[in-house]
Amino acid sequence: MRAGPSQEEIRRHNLGTLLRHVHIGGSMSRAVLAERMGLNRSTILGLVSELGSAGLVREELPRETGRAGRPSLVVRPESERVYVLAFDVGVDRLAAARIGLGGIFLDRRVIPMPPGPRNADKVAEVLAGSALEMLSTAQHGTHCVGVAAAVRGTVRRPDGLVRAVPYLGWKDEEFGKDLTRRLGLGLPVSVGNEASLGALAEHLRGAGTGCQDLVYLHGDIGIGGGVITGGQLLHGDGGYGGEIGHMIVNPRNGRPCGCGAHGCLEAEAGERALLEAAQRDPSATGREAVRAVVEAADRGDIIARAALHDVGDWLGIGVANLVNVLNPRTVIFGGTLREVFLGSAAQIRSRINRIALTASRENLRLRVGELGDDAVLIGAAELAFSEILVGPLETLARAGA
């Protein structure tokens, strides 16, 4: 029978927990850390000193106190010194960012791309080039401790094989390994689904802060989904959990979906369905095209209003099913669905009230994402930070710090 955790294991756990508190919660005093972690102040002092010596945190006076007397020192993450690289492979753009500990954007690059199939190797080349540009501007003595990328498709755990990204024409691509090789940093690139990472971001830093059970819906060319249950991201057996966009909502007369089925939520309530119903130019796709329909509806355009009503109806059916199955406290609409929700909230709520079980929906909150277009990048950054938040000193050592 194995004994309990060793002193070294406890110390390692406490170092990671303290670093996570200041990474997610921002600057806080030793007294607050002691209260949140259930440890005495002398133990907190030792942990802060160790993380400070490693260059992960620092203690300083708070910028504003509003109180008389000498303020207590606060522990802050070393955002400028320790950072990750985060990538977002979008429909009409590629994005790369250097994000410091604490979730601070230090640098970013956005590269517009024409919609349609793209070679995975070329995408990796473009993103690596942008990353190396950002790294060249980083100050001496700073350290990259992780790298992660988000894609709009199915990603296998734990090796990050991209099984499919239909709109790009990808199938079984080792995108993470290719990007790792091109970056040449000695750090493996983690890869995740964009909606799952968006859910993680909104849970930690956005509209879902403090909520332990939520569903995040991300609109782009399709509809992706991420589920947080009990405070943890739902992955499923192979990592494919959360493919909410491919839940069948209209089996009898459903529109064809890119996955090969008919009547998927993505097909009935996605970007293409909205633009087609609004009688828009089929070549005009993307965020601005969706926003144009919502704005036209706000101005009284009857066709645009009808299109939002129809899409909201299907979206409401989909959310009602999720409420019955998962019983989330909060449903968050992100990406282009943020605008769609704002334009069709009444219809969505009406469907939920008619279909969802009373007990499951009585405490339900519907929210729009607070992180905007940065949600996916922030989620990718949190994936990249995950290792250092478990073993801070070991991860720093592997990064060459």
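Structure shown above.
The rules behind the values
- Residues numbered from 1 in each chain as written.
- Predicted model: local features only at pLDDT ≥ 70, side-chain atom pairs only at ≥ 80, totals over all residues.
- Heavy atoms only, no water.
- Pairing = 2+ DSSP bridges.
- Helix = DSSP H or I, 4+ residues; strand = E, 2+ residues; numbered from the N terminus.
- Contact = heavy atoms within 4.5 Å.
- Axes fitted to C-alpha atoms, helices over the stretch in contact; angles between N-to-C directions.
- Buried < 20%, exposed > 50% of the residue type's maximum accessible area, 1.4 Å probe, protein only.
- Salt bridge = Lys/Arg side-chain N within 4 Å of Asp/Glu carboxyl O.
- Phe/Tyr/Trp six-rings, centres within 6.5 Å; stacked < 30°, edge-to-face > 60°.
- Lys NZ or Arg CZ within 6 Å of the ring centre and 35° of its normal.
- Lys, Arg positive; Asp, Glu negative; His and termini not counted.
- Polar contact = N/O pair within 3.5 Å; in protein donor to acceptor, adjacent residues only side chain to side chain.

Regarding the sheet that holds strand β12 (residues 214–219)
An order of β14-β13-β12-β15-β16 is seen for the five strands of this open sheet, with the pairing classed as mixed. Looking at strand neighbours, the two that pair on one side only are β14 (232–233) and β16 (365–368), the edges of this open sheet. This element, helix α11 (residues 337–355), spans β12, β13 (223–229), β15 (330–335) and β16 of the sheet and lies at about 150° to β15.

Observations regarding the sheet that holds strand β2 (residues 57–60)
Judged by pairing direction, the sheet is antiparallel, and its three strands sit side by side in the order β1-β3-β2 without closing on themselves. Unpaired on one side and paired on the other, β1 (28–29) and β2 mark the two borders of the sheet. Of the strand pairs in this sheet, β1 and strand β3 (residues 74–77) are connected by two bridges, and their pairing is antiparallel. The residue bridging Met-28 from the neighbouring strand is Val-75, located in β3.

Points about the pairing of strand β7 (residues 143–151)
Among the nine residues of β7, nine are classified as buried, and the element is accordingly described as predominantly covered. Both strand β4 (residues 82–89) and β7 contribute to a ladder of seven bridges, which runs parallel. Its bridge partner lying in β7, Tyr-83 is registered against Cys-144. Both β7 and strand β11 (residues 189–193) contribute to a ladder of five bridges, which runs parallel. Looking at the pairing, Val-147 lines up with Val-189 of β11.

Some points on the pattern of salt bridges
Tallied over the entire structure, the rule returns 29 salt bridges. The partner of Arg-11 in a salt bridge is Glu-8, and the shortest N-O contact between them spans 2.5 Å. A residue pair is termed a helical-turn pair when its members lie 3 or 4 positions apart in one helix, as Arg-11 and Glu-8 do in helix α1 (residues 7–25) at three residues. On the basis of relative accessibility, which here comes to 26%, the residue Arg-11 falls in the partly exposed class. A salt bridge links Asp-373 to Arg-287; the shortest N-O distance between them is 3.5 Å. Remark: Arg-287 occurs in helix α9 (residues 287–298) and Asp-373 occurs in the loop between β16 and α13 (375–385); sequence separation between them is 86 residues. Among the ionic contacts, a cluster of salt bridges with common partners joins Asp-92, Arg-287, Glu-288, Arg-291, Glu-339 and Asp-373.

As for the environment of Gly-55
Mapping Gly-55 onto the fold places it in the loop between α3 (41–53) and β2. For Gly-55 and Ser-79, which are 24 residues apart along the polypeptide, the C-alpha to C-alpha distance reads 9.9 Å.

Focus on the packing of aromatic side chains
Taken as a whole and assessed by the stated rule, the structure comprises two aromatic pairs. Judged by centre distance (4.5 Å) and plane angle (10°), the rings of Phe-333 and Phe-341 are stacked. For Phe-333, a relative accessible area of 0% puts it in the buried group. One Lys or Arg, Arg-98, reaches over the ring of Tyr-83 and ends 4.8 Å from the middle of that ring.

Describing the side chain of Glu-202
Its place among the elements puts Glu-202 in helix α6 (residues 194–205). Despite its burial, Glu-202 pairs with no opposite charge, the nearest such side chain being Arg-338 at 7.3 Å. Here Ala-207 takes part through its backbone nitrogen, which lies 2.7 Å from a polar atom of the side chain of Glu-202. Sequence-distant contacts of Glu-202, defined by excluding residues within four places in its chain, comprise Ala-207, Gly-208, Thr-209, Tyr-216, Ile-332, Gly-369, Glu-370, Leu-371 and Ala-375.

Examining α13
The element α13 is largely enclosed, with a buried count of 10 among its 11 residues. Of the positions making up α13, those classed as buried are Ala-375, Val-376, Leu-377, Ile-378, Gly-379, Ala-380, Ala-381, Glu-382, Ala-384 and Phe-385.

Section: the pairing of β15
Extensive coverage of β15 is indicated by the burial of six of its six residues. Across six bridges, the pairing between β12 and β15 is parallel. Looking at β15, one finds that His-218 is bridged to Gly-334.

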